[in-house]
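Each chain, letter by letter, is given below.
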Amino acid sequence: MMKLSNLRICVITGLSGSGKSTAVRALEDEGFFCLDNLPPALLTVFIEFLENSPEKVTDVAVVIDIRTKDFFKGKELLLQELRDKGHQVDIFFLDASNEILARRFSETRRRHPAALTGSVQDGILYERKHLAGLQQIATTIIDTSDLNVHQLKELVADKVRGKAAGALFNLHLQSFGYRYGVPAESDLVMDVRFLTNPHFIPELAPLTGLDQEIRKYLLEKQDTTDFLDHFLSFIDFLIPRYKREGKSYLTISIGCTGGRHRSVTIVEVLRDFFSSKDLVLKVTHRDIEKG
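What comes next is a walk through the structure. (Residues numbered from 1 in each chain as written. Predicted model: local features only at pLDDT ≥ 70, side-chain atom pairs only at ≥ 80, totals over all residues. Heavy atoms only, no water.)

Take the packing of helix α1 (residues 20-29) against helix α7 (residues 149-161) next. Running from N to C, α1 and α7 cross one another at 50 degrees; their axes reach a closest spacing of 9 Å. With respect to each other, α1 and α7 are oriented oblique. Crossing of α1 over α7 shows right-handed handedness. Contacts from T22, A23, R25, A26, L27 and D29 in α1 reach V149, L152, K153, V156 and V160 in α7. (Axes fitted to C-alpha atoms, helices over the stretch in contact; angles between N-to-C directions. Helix = DSSP H or I, 4+ residues; strand = E, 2+ residues; numbered from the N terminus. Parallel < 35°, antiparallel > 145°, perpendicular 65-115°, else oblique. Left-handed = near helix turned anticlockwise from the far one by under 90°. Contact = heavy atoms within 4.5 Å.)

Overall, parallel pairing links the four strands, which are arranged β7-β8-β6-β9 in an open sheet. The open sheet has two edge strands, β7 (188-191) and β9 (280-285), and neither has a second partner. With strand direction ignored, the average angle separating the axes of adjacent strands in the sheet is 15 degrees. With four bridges connecting them, β7 and strand β8 (residues 249-256) associate as parallel partners. Its bridge partner lying in β8, D191 is registered against G255. Packing against the sheet, helix α9 (residues 222-244) makes contact with β6 (170-177), β7 and β8, and its axis sits at approximately 160 degrees to β8. (Pairing = 2+ DSSP bridges.)

When we look at burial in helix α2 (residues 43-51), the residues that qualify are L43, F46, I47, L50 and E51. The buried residues of α2 occupy one face: seen down the axis, they fall within an arc of 140 degrees. (Buried < 20%, exposed > 50% of the residue type's maximum accessible area, 1.4 Å probe, protein only. Arc of directions from axis to C-beta.)

Here we take up the nonpolar core. Ranked by internal contacts, the top residues of the largest apolar core, which has 27 residues, are I9, L43, I47, V62 and L82. Secondary structure elements with two or more residues in this core: β1 (8-14), α2, β3 (59-63), α3 (75-84), β4 (88-95) and α4 (98-108). With four residues, the single largest contributor to this core is α2. In terms of nonpolar packing, the next biggest core, distinct from the first, is built from 21 residues, F227, I239, L250 and C256 among them. (Core = buried A, V, L, I, M, F, W, Y, C linked by side-chain atoms within 4.5 Å.)

Okay, here's the thing in C-alpha coordinates:
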(Lines give C-alpha, C1' and ligand atoms only; values in the text may rest on other atoms or scores of the structure.)
Protein backbone atom coordinates (compact mmCIF):
# COMPACT_ATOMS: atom_id res chain seq x y z
CA MET A 1 0.00 0.00 0.00
CA MET A 2 1.09 3.55 -0.72
CA LYS A 3 2.00 5.43 2.42
CA LEU A 4 0.44 8.88 2.63
CA SER A 5 2.27 11.66 4.47
CA ASN A 6 1.84 15.34 5.16
CA LEU A 7 -1.82 15.26 6.07
CA ARG A 8 -3.62 18.46 6.86
CA ILE A 9 -5.41 17.90 10.17
CA CYS A 10 -7.94 20.42 11.47
CA VAL A 11 -9.07 19.89 15.05
CA ILE A 12 -12.43 21.57 15.67
CA THR A 13 -13.09 22.26 19.33
CA GLY A 14 -14.67 24.82 21.61
CA LEU A 15 -17.78 25.60 23.60
CA SER A 16 -21.05 23.78 23.03
CA GLY A 17 -23.36 26.01 21.02
CA SER A 18 -20.50 28.00 19.50
CA GLY A 19 -21.00 26.63 15.98
CA LYS A 20 -18.75 23.58 15.71
CA SER A 21 -21.28 21.72 13.56
CA THR A 22 -21.39 24.65 11.16
CA ALA A 23 -17.59 24.72 11.01
CA VAL A 24 -17.51 21.01 10.20
CA ARG A 25 -20.02 21.48 7.38
CA ALA A 26 -17.83 24.24 5.97
CA LEU A 27 -14.82 21.91 6.00
CA GLU A 28 -16.83 19.13 4.39
CA ASP A 29 -17.71 21.55 1.60
CA GLU A 30 -13.99 22.24 1.21
CA GLY A 31 -13.30 18.52 0.70
CA PHE A 32 -12.16 17.57 4.21
CA PHE A 33 -12.85 14.08 5.54
CA CYS A 34 -14.65 14.86 8.81
CA LEU A 35 -15.20 12.87 11.99
CA ASP A 36 -17.34 14.18 14.85
CA ASN A 37 -16.81 13.33 18.53
CA LEU A 38 -13.72 11.22 17.91
CA PRO A 39 -12.22 9.83 21.16
CA PRO A 40 -8.71 11.33 21.41
CA ALA A 41 -7.25 7.89 22.09
CA LEU A 42 -8.33 6.86 18.60
CA LEU A 43 -6.91 9.91 16.83
CA THR A 44 -3.46 8.44 16.34
CA VAL A 45 -4.98 5.13 15.22
CA PHE A 46 -7.10 6.96 12.67
CA ILE A 47 -4.15 9.00 11.39
CA GLU A 48 -2.00 5.87 11.07
CA PHE A 49 -4.80 4.26 9.07
CA LEU A 50 -4.86 7.21 6.69
CA GLU A 51 -1.07 7.23 6.42
CA ASN A 52 -1.14 3.68 5.14
CA SER A 53 -4.38 3.88 3.21
CA PRO A 54 -4.48 3.62 -0.59
CA GLU A 55 -7.22 6.27 -0.54
CA LYS A 56 -6.02 9.75 -1.42
CA VAL A 57 -7.22 11.54 1.70
CA THR A 58 -5.09 14.59 2.43
CA ASP A 59 -7.38 16.89 4.42
CA VAL A 60 -8.90 15.66 7.69
CA ALA A 61 -11.07 17.39 10.29
CA VAL A 62 -11.91 15.95 13.70
CA VAL A 63 -14.23 17.35 16.36
CA ILE A 64 -13.01 16.89 19.92
CA ASP A 65 -14.90 18.63 22.72
CA ILE A 66 -16.51 18.28 26.14
CA ARG A 67 -18.33 15.10 25.09
CA THR A 68 -14.96 13.33 25.23
CA LYS A 69 -14.68 12.19 28.83
CA ASP A 70 -10.93 12.63 29.25
CA PHE A 71 -11.01 16.17 27.79
CA PHE A 72 -8.20 15.30 25.40
CA LYS A 73 -5.56 14.44 27.99
CA GLY A 74 -2.04 14.61 26.59
CA LYS A 75 -3.27 16.83 23.78
CA GLU A 76 -0.12 18.96 23.51
CA LEU A 77 2.19 15.94 23.21
CA LEU A 78 -0.11 14.14 20.77
CA LEU A 79 -0.47 17.12 18.45
CA GLN A 80 3.25 17.80 18.57
CA GLU A 81 3.95 14.19 17.65
CA LEU A 82 1.70 14.57 14.61
CA ARG A 83 3.52 17.75 13.61
CA ASP A 84 6.90 16.02 14.09
CA LYS A 85 5.76 13.40 11.60
CA GLY A 86 5.30 16.12 9.01
CA HIS A 87 1.57 16.71 9.30
CA GLN A 88 0.06 20.19 9.38
CA VAL A 89 -2.08 20.47 12.50
CA ASP A 90 -4.47 23.40 12.97
CA ILE A 91 -6.69 23.81 16.02
CA PHE A 92 -9.86 25.85 15.55
CA PHE A 93 -11.33 26.88 18.90
CA LEU A 94 -14.88 28.25 18.62
CA ASP A 95 -16.18 30.47 21.37
CA ALA A 96 -19.02 32.88 22.12
CA SER A 97 -20.12 34.98 25.08
CA ASN A 98 -21.82 33.16 27.93
CA GLU A 99 -25.00 35.14 27.28
CA ILE A 100 -25.10 34.16 23.60
CA LEU A 101 -24.41 30.48 24.37
CA ALA A 102 -27.19 30.39 26.96
CA ARG A 103 -29.58 32.07 24.53
CA ARG A 104 -28.79 29.55 21.80
CA PHE A 105 -29.53 26.63 24.11
CA SER A 106 -32.73 28.31 25.26
CA GLU A 107 -33.88 28.80 21.66
CA THR A 108 -33.13 25.22 20.62
CA ARG A 109 -34.26 23.67 23.95
CA ARG A 110 -31.27 21.34 23.81
CA ARG A 111 -29.68 19.98 26.96
CA HIS A 112 -26.20 21.29 27.58
CA PRO A 113 -23.78 18.33 27.52
CA ALA A 114 -21.93 19.60 30.60
CA ALA A 115 -25.04 20.53 32.60
CA LEU A 116 -26.05 17.10 33.82
CA THR A 117 -27.55 18.32 37.07
CA GLY A 118 -27.19 22.12 37.05
CA SER A 119 -28.30 24.99 34.85
CA VAL A 120 -27.09 25.85 31.35
CA GLN A 121 -24.95 28.60 32.85
CA ASP A 122 -23.34 26.06 35.19
CA GLY A 123 -22.59 23.84 32.21
CA ILE A 124 -21.04 26.70 30.26
CA LEU A 125 -18.76 27.66 33.17
CA TYR A 126 -17.75 24.03 33.74
CA GLU A 127 -17.02 23.53 30.06
CA ARG A 128 -15.07 26.78 29.73
CA LYS A 129 -12.86 25.74 32.66
CA HIS A 130 -12.10 22.28 31.30
CA LEU A 131 -11.46 23.42 27.73
CA ALA A 132 -9.10 26.23 28.74
CA GLY A 133 -6.07 24.10 27.87
CA LEU A 134 -7.28 23.54 24.33
CA GLN A 135 -7.97 27.24 23.91
CA GLN A 136 -4.41 28.05 24.97
CA ILE A 137 -2.87 25.87 22.25
CA ALA A 138 -5.38 26.81 19.52
CA THR A 139 -3.95 28.15 16.28
CA THR A 140 -7.19 29.96 15.45
CA ILE A 141 -9.82 31.28 17.89
CA ILE A 142 -13.15 32.31 16.40
CA ASP A 143 -15.71 34.19 18.47
CA THR A 144 -19.08 33.43 16.87
CA SER A 145 -21.18 35.70 19.10
CA ASP A 146 -22.08 38.02 16.23
CA LEU A 147 -21.78 35.62 13.30
CA ASN A 148 -24.68 33.96 11.55
CA VAL A 149 -24.36 30.49 10.03
CA HIS A 150 -23.39 31.78 6.59
CA GLN A 151 -20.76 34.17 7.93
CA LEU A 152 -19.19 31.45 10.07
CA LYS A 153 -19.05 29.00 7.16
CA GLU A 154 -17.42 31.66 4.99
CA LEU A 155 -14.92 32.55 7.68
CA VAL A 156 -13.86 28.93 8.27
CA ALA A 157 -13.66 28.20 4.54
CA ASP A 158 -11.51 31.26 3.91
CA LYS A 159 -9.25 30.33 6.83
CA VAL A 160 -8.48 26.90 5.38
CA ARG A 161 -8.10 28.35 1.90
CA GLY A 162 -5.41 30.61 3.28
CA LYS A 163 -7.17 33.84 2.47
CA ALA A 164 -6.20 36.93 4.38
CA ALA A 165 -8.55 37.87 7.17
CA GLY A 166 -8.86 41.42 5.85
CA ALA A 167 -11.93 40.68 3.71
CA LEU A 168 -13.62 38.72 6.47
CA PHE A 169 -14.10 41.47 9.03
CA ASN A 170 -17.63 41.47 10.48
CA LEU A 171 -19.07 44.77 11.67
CA HIS A 172 -22.31 44.68 13.68
CA LEU A 173 -24.02 48.02 14.20
CA GLN A 174 -26.94 48.16 16.59
CA SER A 175 -29.12 50.83 18.13
CA PHE A 176 -30.60 50.46 21.61
CA GLY A 177 -32.39 52.36 24.36
CA TYR A 178 -30.64 52.87 27.69
CA ARG A 179 -33.92 52.38 29.51
CA TYR A 180 -33.83 48.74 28.33
CA GLY A 181 -30.18 48.11 29.20
CA VAL A 182 -26.88 48.12 27.34
CA PRO A 183 -26.45 45.11 24.97
CA ALA A 184 -24.14 42.61 26.69
CA GLU A 185 -22.38 41.65 23.45
CA SER A 186 -21.13 45.19 22.75
CA ASP A 187 -17.45 45.83 22.01
CA LEU A 188 -17.89 49.60 21.78
CA VAL A 189 -20.78 51.61 23.22
CA MET A 190 -21.53 55.18 22.16
CA ASP A 191 -24.04 57.30 24.06
CA VAL A 192 -25.77 59.82 21.74
CA ARG A 193 -28.18 61.21 24.32
CA PHE A 194 -26.31 64.52 24.00
CA LEU A 195 -28.00 65.06 20.62
CA THR A 196 -31.25 67.03 20.48
CA ASN A 197 -34.12 64.65 21.14
CA PRO A 198 -36.84 64.56 18.43
CA HIS A 199 -39.17 62.92 20.95
CA PHE A 200 -40.10 66.36 22.25
CA ILE A 201 -41.23 67.59 18.83
CA PRO A 202 -44.92 66.57 18.63
CA GLU A 203 -44.93 65.85 14.88
CA LEU A 204 -41.70 63.84 15.10
CA ALA A 205 -42.35 61.83 18.28
CA PRO A 206 -44.43 59.07 16.58
CA LEU A 207 -41.74 58.50 13.95
CA THR A 208 -38.49 56.54 14.20
CA GLY A 209 -34.93 57.14 13.12
CA LEU A 210 -35.69 55.25 9.89
CA ASP A 211 -37.92 58.10 8.74
CA GLN A 212 -36.42 60.85 6.62
CA GLU A 213 -38.00 63.55 8.80
CA ILE A 214 -36.02 62.38 11.83
CA ARG A 215 -32.83 62.02 9.82
CA LYS A 216 -33.21 65.50 8.34
CA TYR A 217 -33.94 67.00 11.77
CA LEU A 218 -30.85 65.47 13.35
CA LEU A 219 -28.40 65.95 10.48
CA GLU A 220 -29.23 69.64 10.28
CA LYS A 221 -27.75 70.05 13.76
CA GLN A 222 -24.09 71.09 13.93
CA ASP A 223 -23.50 68.83 16.95
CA THR A 224 -24.64 65.82 14.92
CA THR A 225 -22.42 66.50 11.92
CA ASP A 226 -19.41 67.31 14.11
CA PHE A 227 -19.93 64.12 16.09
CA LEU A 228 -20.24 61.99 12.95
CA ASP A 229 -17.06 63.45 11.48
CA HIS A 230 -15.10 62.44 14.58
CA PHE A 231 -16.83 59.12 15.21
CA LEU A 232 -16.65 57.81 11.63
CA SER A 233 -12.98 58.72 11.48
CA PHE A 234 -12.39 56.94 14.79
CA ILE A 235 -14.06 53.69 13.68
CA ASP A 236 -12.30 53.84 10.32
CA PHE A 237 -9.04 54.13 12.28
CA LEU A 238 -9.86 51.18 14.56
CA ILE A 239 -10.99 48.52 12.07
CA PRO A 240 -7.68 47.94 10.22
CA ARG A 241 -5.88 47.78 13.56
CA TYR A 242 -8.34 45.22 14.91
CA LYS A 243 -7.76 43.22 11.72
CA ARG A 244 -4.02 43.41 12.21
CA GLU A 245 -4.38 41.91 15.70
CA GLY A 246 -6.49 39.03 14.35
CA LYS A 247 -9.92 40.25 15.46
CA SER A 248 -12.57 39.31 12.91
CA TYR A 249 -15.61 41.11 14.32
CA LEU A 250 -16.65 44.30 16.05
CA THR A 251 -20.00 45.12 17.64
CA ILE A 252 -20.74 48.82 17.99
CA SER A 253 -23.83 49.73 20.01
CA ILE A 254 -25.29 53.23 19.73
CA GLY A 255 -27.63 54.22 22.53
CA CYS A 256 -30.19 56.92 23.19
CA THR A 257 -32.96 57.08 25.76
CA GLY A 258 -35.60 54.88 24.12
CA GLY A 259 -33.73 53.44 21.13
CA ARG A 260 -36.22 54.82 18.56
CA HIS A 261 -34.90 58.12 17.21
CA ARG A 262 -31.31 59.33 17.65
CA SER A 263 -29.52 56.00 17.96
CA VAL A 264 -31.40 54.57 14.97
CA THR A 265 -30.51 57.50 12.72
CA ILE A 266 -26.85 57.38 13.72
CA VAL A 267 -26.66 53.63 13.02
CA GLU A 268 -28.25 54.21 9.60
CA VAL A 269 -25.64 56.86 8.81
CA LEU A 270 -22.94 54.41 9.87
CA ARG A 271 -24.55 51.77 7.63
CA ASP A 272 -24.34 54.11 4.65
CA PHE A 273 -20.70 54.91 5.39
CA PHE A 274 -19.53 51.30 5.82
CA SER A 275 -21.70 49.62 3.18
CA SER A 276 -19.06 50.30 0.54
CA LYS A 277 -16.23 48.91 2.68
CA ASP A 278 -14.75 45.43 2.28
CA LEU A 279 -16.48 43.82 5.27
CA VAL A 280 -19.56 41.90 6.34
CA LEU A 281 -22.09 44.39 7.68
CA LYS A 282 -24.98 43.58 10.02
CA VAL A 283 -27.46 46.15 11.36
CA THR A 284 -29.88 45.68 14.27
CA HIS A 285 -32.35 48.14 15.79
CA ARG A 286 -33.00 46.34 19.05
CA ASP A 287 -35.55 48.62 20.69
CA ILE A 288 -37.13 50.48 17.78
CA GLU A 289 -40.55 48.89 18.36
CA LYS A 290 -40.58 49.55 22.12
CA GLY A 291 -41.98 52.45 24.02
